[in-house]
Amino acid sequence: MIKRKIQRIIISIFLIIVLLFSVSCDTFELYVRKALEGSNLYELSVYGEELGGDIKVVELRGFNVEDFRSDRVSFYVNRYQGAWKPYMQTIIDRAQIYLPYIKKVFAEKGVPEDLIYLPIIESSFNPQAVSHAGAAGLWQFMPMTGAIYKLKVNYWADDRFDPERSTKAAAEHLIRLDKNFKSWVVALMAYNAGGGRISRAIKKVKSNNYYDLLRAGELPKETAEYIPKYVAAVIIAKNPEKFGFKINKPKVVFPEGDVVYVDDAADLSIISKMINVDASDLKALNPHLSRGVTPPGMVKYPLRIPAGKEQLFYETFGKIPANERVTFRRHEVKMNETLSHLANFYNVPIKAIVEINKLKSKNLNIGQQVMIPIQGLDNAKQVDLAQYEEEQAKIREGRFVHFESLPPPDYEYKDIMYHVRQGDTLWIIARKFKVDISEIKAWNQLKNNTLSVGSEIFLRIPVKK
């Protein structure tokens, strides 16, 4: 029932867009039709529509950049050798860390070798690159697209930054696009513009041929430039020295090296000093640790370190007494909390909080995420206990007793405590969690519709209706 409602809402949004922007029904026909048939509209926009019988299909089973040389490719080759040369040299240096692994994965999965260089134009081979739109990692996955491939994201780690998980996901993504469009070069265009956008172009041109699409002018300008720019980058990357670039041997190659195990949160910069390696090398082997810290509360968390450093790790960092270890916790700023409050609660200097979070101001915003360095693993456990007891004390308050005494709703649910943020209203919260405004008011004994930013309310979220 919920799924059908969501589909109807999405279809309505698409139809409104059609009306507002006077786009022909033909453009959105395939989306509306597929939605009514039960297809996932999001995946349809990512992967596009399978080619119909009226499309001139030219199957391109391989991909070799030499087949796509053009004047525009020569233009970009000159750019990479000229004004962009320092930038391109940096990319080539970074690429040496990850290319051997990418080449291995693509060979195993049957993806053409010339596609291993895609991170050149996607992320400049920076595994922690984040675009303005929120795409991240070597392969620039958006959060939702990454979720299709089970790339998880949380405060401490981001699988889109992980060269191992994201490379396997990118290979599967390209394979699926190629399966839809019967052409690796068109798959590349869909990787850039989205399958839905390329599907609509193919439908208008009645051909999946790259040159037909280019001549018809149905591609976004960025996508039309994407292929020549990519071909030029690959031509150089396959033979850098011929074009005046150096091949500098990296100090580490992903994922080569040793694996050690860390309990609780540990700072990579501290570990790097103890095992006498550059912090940048340690982060290059563990780019998925977006905070430069292993996740807290973990036992024997695997950490990659440069080869030959395992024994030194256990002789240095591994022997730090638990009471001297610095660990970390995340804190979400609540109403009226200041740096002084946090320093007192966690028993750490204000300066330490400012430095670790690179705060430019001592003012904190409600909902802001702050990383707290704590001296001693036992102290961290005491903090965890104090936070738990603080939550239990709130539950013992009258309105929480009232909430627990209410008869359960007639649907499967779970109880949560919701932190009211700037811009929240009862209507927004009710829509977000699919509950009624009257229920929220009854659960929390609210006499009117006013909510205070920073306050907390109880909600019973439906799991299944």
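Note that this is a predicted model, so its numbers are computed, not measured.

## Quick word on the overall build of the protein
Next up, step 1: Across its full length, the protein carries 21 helices and 6 strands.
Next up, step 2: When burial is assessed residue by residue, the protein has 45% of its 465 residues classed as buried.
Next up, step 3: Taking as baseline every contact in the protein between residues at least 6 positions apart, the subset at least 24 positions apart corresponds to 71%.
Next up, step 4: Accessible surface, the protein as shown: approximately 24600 Å² in total, 52% of it carbon and sulfur.

## Here we look at helix H8 (residues 163-181)
Next up, step 1: Here H8 spans 26 Å end to end across 19 residues, near enough to the 27 Å set by a 1.5 Å rise per residue.
Next up, step 2: Where H8 is concerned, the buried positions are Pro163, Ser166, Thr167, Ala169, Ala170, Ala171, His173, Leu174, Leu177, Asp178, Asn180 and Phe181.
Next up, step 3: Its side-chain oxygen placed 2.8 Å from the backbone nitrogen of glutamate 164, aspartate 162 serves as the N-cap of H8.
Next up, step 4: Trailing H8 by a residue or two, lysine 182 shows a phi angle of about 60°, which is positive.

## Comments concerning the packing of aromatic side chains
One pair of aromatic rings is described through two measures. These are the centre distance and the angle between the planes.
Next up, step 1: Under the counting rule described, the total for this entry stands at 17 aromatic pairs.
Next up, step 2: Arranged with centres 5.0 Å apart and planes meeting at 80°, the rings of phenylalanine 313 and tyrosine 314 form a pair that is edge-to-face.
Next up, step 3: Overall, phenylalanine 313 belongs to the buried group, its relative accessible area being 1%.
Next up, step 4: We classify tyrosine 314 as partly exposed; its relative accessible area is 33%.
Next up, step 5: Ring plane angle 75° and centroid distance 5.5 Å describe the contact between tyrosine 418 and phenylalanine 433, whose orientation is recorded as edge-to-face. Pair noted here: tyrosine 418 is in strand S5 (residues 412-419) and phenylalanine 433 is in helix H20 (residues 426-433), with a separation of 15 residues, a long-range link.
Next up, step 6: An aromatic cluster is defined as three or more aromatic residues linked by ring pairs; in this entry it consists of Phe63, Phe68, Tyr210, Tyr211 and Tyr230.
Next up, step 7: Lying across the ring of phenylalanine 245, lysine 85 places its NZ or CZ 5.5 Å from the centre.
Next up, step 8: Positioned above the aromatic ring of tyrosine 418 is the side chain of arginine 421, whose terminal nitrogen or guanidinium carbon lies 5.8 Å from the ring centre.

## Some points on unusual backbone geometry
Next up, step 1: Here the bond from phenylalanine 254 into proline 255 is cis, since omega is -5°, no more than 30 degrees from zero.
Next up, step 2: Mapped onto the fold, proline 255 is located in the loop between helix H12 (221-238) and strand S1 (258-262).
Next up, step 3: With a phi close to 55°, lysine 300 is a non-glycine residue in the positive phi region.
Next up, step 4: By the secondary structure assignment, lysine 300 is in the loop between helix H14 (279-285) and strand S2 (301-305).
Next up, step 5: Exposure remark for lysine 300: the relative accessible area of 56% places this residue in the exposed category.
Next up, step 6: Even without being glycine, asparagine 347 reaches a positive phi, approximately 60°.
Next up, step 7: Following the sequence through the fold, asparagine 347 ends up in the loop between helix H16 (339-346) and helix H17 (350-357).

## Topic: the pattern of salt bridges
Next up, step 1: Tallying each qualifying case throughout the model produces 17 salt bridges.
Next up, step 2: Between lysine 109 and glutamate 172 there is a salt bridge; the shortest N-O distance is 3.9 Å. Taken as a pair, lysine 109 in helix H5 (residues 85-109) and glutamate 172 in helix H8 lie far apart in primary sequence, 63 residues in all.
Next up, step 3: Among the residues examined, glutamate 172 registers a relative accessible area of 36% and is labelled partly exposed.
Next up, step 4: Close ionic contact of glutamate 332 with arginine 421 constitutes a salt bridge, the shortest N to O distance being 3.1 Å. Residue glutamate 332 is located in strand S3 (residues 326-332), and its partner arginine 421 is located in the loop between S5 and H20; the two are separated by 89 residues in the primary sequence.
Next up, step 5: Taking relative accessible area as the criterion, glutamate 332 reaches 24% and is therefore assigned partly exposed.
Next up, step 6: Since its relative accessible area comes to 32%, arginine 421 is described here as partly exposed.
Next up, step 7: Overlapping salt bridges bring together Asp159, Asp162 and Arg165 as one network.

## Some thoughts on helix H9 (residues 184-193)
Next up, step 1: In terms of residue burial, H9 counts as a mostly covered element, since 8 of its 10 residues are buried.
Next up, step 2: By the burial criterion, the buried members of H9 are Trp184, Val185, Val186, Ala187, Leu188, Met189, Ala190 and Tyr191.
Next up, step 3: Contact partners of the buried residues in H9: helix H6 (119-123), H8, helix H10 (195-205), helix H11 (210-216) and H12.
Next up, step 4: Between the side-chain oxygen of the N-cap and the backbone nitrogen of valine 185 there are 3.4 Å, and the N-cap of H9 in question is serine 183.
Next up, step 5: Immediately downstream of H9, the backbone of glycine 194 shows phi near 100°, a positive value.

About the cut-offs
Residues numbered from 1 in each chain as written. Predicted model: local features only at pLDDT ≥ 70, side-chain atom pairs only at ≥ 80, totals over all residues. Heavy atoms only, no water. Helix = DSSP H or I, 4+ residues; strand = E, 2+ residues; numbered from the N terminus. Buried < 20%, exposed > 50% of the residue type's maximum accessible area, 1.4 Å probe, protein only. Contact = heavy atoms within 4.5 Å. Areas by Shrake-Rupley, 256 points an atom, 1.4 Å probe, with all protein chains shown as cover. Expected span 1.5 Å × (residues − 1). Polar contact = N/O pair within 3.5 Å; in protein donor to acceptor, adjacent residues only side chain to side chain. Phe/Tyr/Trp six-rings, centres within 6.5 Å; stacked < 30°, edge-to-face > 60°. Lys NZ or Arg CZ within 6 Å of the ring centre and 35° of its normal. Salt bridge = Lys/Arg side-chain N within 4 Å of Asp/Glu carboxyl O.

In short, the description is geometric, and any link to function would need to be established separately.
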